[in-house]
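This is what each chain is made of:
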Amino acid sequence: MRRPKLPRPRLPRTRTGQRRLVQAVMAGCVLGLLPATWMYLVAGDRLRTTADVPRTDVAVVFGAGLWAGEPSPYLAHRLDAAAELYRAGRIKVVLVTGDNSRKDYDEPDAMRTYLTRHGVPDSRIVSDYAGFDTWDSCVRARKIFGVDEAVLISQGFHIRRAVALCQEAGVSSYGVGVDAKHDATWYYGGAREVFAAGKAALDAVLEPDPRFLGPRETGVANALAAKR
């Protein structure tokens, strides 16, 4: 049995139709690039390294998945950078924000355990268990934990979006983009950012409430007051 042939798209035959098609394609490309352009403009001069980031009380580390209950290699690189900043005296408290939507999946506690193994005192770590995406983490950092200035730590392909969204959420931010092996995960993350930029722009414009908000917590203030 022969498969039915799919109809091929018909291109306009007139010059006017062809011109309109080209204009529509160009307009679509421009609209598609606007969110990414916005992110680059907002975060352009706020990216640093662990060696030159300004001294700030709080660092925010975004979750990046667990492997058998342990931080994924990408997440471990983020946590290593936070531990380095703490040991260098550039930060005082680490806010770990991630997904704990299931009992058998707890990013923040895994991040806390990793940091304590690498020299960050438990009393200097604060957990946000409802950081389900970047916007939620930024808004909760400001509204729940009272953070108005922070160093954000993530991979290079994500850090501009993190800085742009936290700036919009009221957290004055500098971003540290940690190095990562350019493997399949890295390329996937980079490609994903093209689409994530559109959602980020909508979040910045619409400013939706996070999935969970809740009462204000004093964890960051208590951690800043804690003795080493």
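Residues numbered from 1 in each chain as written. Predicted model: local features only at pLDDT ≥ 70, side-chain atom pairs only at ≥ 80, totals over all residues. Heavy atoms only, no water.

## With respect to unusual backbone geometry
- Although it is not a glycine, Ala68 adopts a positive phi angle of roughly 55°.
- Under the relative-accessibility criterion, Ala68 is labelled exposed at 85%.
- A positive phi angle is found at Glu207, which is not glycine, with a value near 50°.
- Taking relative accessible area as the criterion, Glu207 reaches 47% and is therefore assigned partly exposed. (Buried < 20%, exposed > 50% of the residue type's maximum accessible area, 1.4 Å probe, protein only.)

## Description of the pairing of strand E6 (residues 125-128)
- Side chains of E6 alternate between two faces, with Ile125 and Ser127 and Val126 and Asp128 buried alike.
- Pairing analysis gives 4 bridges linking strand E5 (residues 93-97) to E6, with the strands arranged parallel. In the sheet register, Val96 faces E6, and the bridge partner there is Ser127.
- Tracing the backbone out of E5, into helix H3 (residues 107-117) and back to the parallel element E6 gives a crossover that is right-handed. (Helix = DSSP H or I, 4+ residues; strand = E, 2+ residues; numbered from the N terminus. Pairing = 2+ DSSP bridges. Right-handed = clockwise from strand over helix to strand, strands pointing away.)

## Describing the confidence of the model for the chain
- Mean pLDDT over the chain works out to 85, with 78% of the residues at or above the 70 mark.
- This stretch, residues 21-32, has a pLDDT under 50; its non-local contacts, to residues over four places away or in other chains, come to 2 contacts. (pLDDT = per-residue confidence, 0-100. Contact = heavy atoms within 4.5 Å.)

## Side note on a nonpolar patch on the surface
- Side chains of Leu202, Val205 and Leu206 sit close together on the surface and give an oily, nonpolar patch of about 350 Å² of accessible area.
- Within the secondary structure, Val205 is located in helix H6 (residues 184-206). (Patch = residues over 30% accessible without salt bridge, like charges linked within 9 Å, V, L, I, M, F, W, Y side chains within 5 Å. Areas by Shrake-Rupley, 256 points an atom, 1.4 Å probe, with all protein chains shown as cover. Salt bridge = Lys/Arg side-chain N within 4 Å of Asp/Glu carboxyl O.)

## With respect to the pattern of salt bridges
- Using the criterion set out here, one finds 7 salt bridges in the structure.
- The shortest N-O distance in the salt bridge between Asp133 and Lys199 comes to 3.3 Å. Of this pair, Asp133 sits in the loop between E6 and helix H4 (134-143) while Lys199 sits in helix H6, placing them 66 residues apart in sequence.
- A salt bridge links Lys199 to Asp203; its shortest N-O distance comes to 2.7 Å. With Lys199 and Asp203 both in helix H6, this residue pair falls 4 residues apart, about one helical turn.
- Here Lys199 falls in the partly exposed class, since its relative accessible area comes to 43%.

## A look at the sheet that holds E6
- Strands sit in the order E1-E8-E7-E2-E5-E6 across an open sheet of 6 strands; the sheet is parallel. Among the strands making up the open sheet, the edge pair consists of strand E1 (47-48) and E6.
- Inspection of the sheet shows strand E2 (residues 58-62) paired to strand E7 (residues 149-155) by 3 bridges, in the parallel sense. Across the sheet, residue Val61 finds its bridge partner in E7, namely Ile153.
- Against the sheet, H3 makes contact with E2, E5 and E6, and its axis sits at roughly 165° relative to E6, the strand it touches most. (Axes fitted to C-alpha atoms, helices over the stretch in contact; angles between N-to-C directions.)

## Considering the state of the cysteines
- Under the defined criterion, the tally for this structure stands at 1 disulfide.
- A sulfur-sulfur distance of 2.1 Å marks the disulfide that ties Cys138 to Cys166. Linking Cys138 and Cys166, the disulfide has an S-S dihedral of approximately -85° and is accordingly described as left-handed. Here the residue Cys138 occupies a position in helix H4, and Cys166 occupies one in helix H5 (residues 156-169), the gap between them amounting to 28 residues.
- Overall, the relative accessible area of 2% leaves Cys166 in the buried class. (Disulfide = S-S within 2.5 Å.)

## Notes on the environment of Gly69
- Within the secondary structure, Gly69 is located in the loop between strand E3 (66-67) and strand E4 (70-71).
- Distance in space between the C-alpha atoms of Gly69 and Ala110 is 6.9 Å, their sequence separation being 41 residues.

## Comments concerning H4
- Of all 10 residues in H4, 8 are buried, a share of seventy percent or more.
- Along H4, the residues that are buried comprise Thr134, Trp135, Asp136, Ser137, Cys138, Val139, Arg140 and Ala141.
- For H4, the capping residue at the N-terminal end is Asp133, with a side-chain oxygen 3.3 Å from the backbone nitrogen of Trp135. (Polar contact = N/O pair within 3.5 Å; in protein donor to acceptor, adjacent residues only side chain to side chain.)

## Description of the packing of aromatic side chains
- Going through the model one piece at a time under the given rule, you end up with 2 aromatic pairs.
- The interplanar angle of 40° and the centroid separation of 6.3 Å between the aromatic rings of Tyr74 and Phe157 together place this pair among those described as tilted. Of this pair, Tyr74 sits in helix H2 (residues 73-87) while Phe157 is found in helix H5, placing the two residues 83 residues apart along the sequence.
- Lying across the ring of Phe132, Arg211 places its NZ or CZ 4.2 Å from the centre. (Phe/Tyr/Trp six-rings, centres within 6.5 Å; stacked < 30°, edge-to-face > 60°. Lys NZ or Arg CZ within 6 Å of the ring centre and 35° of its normal.)

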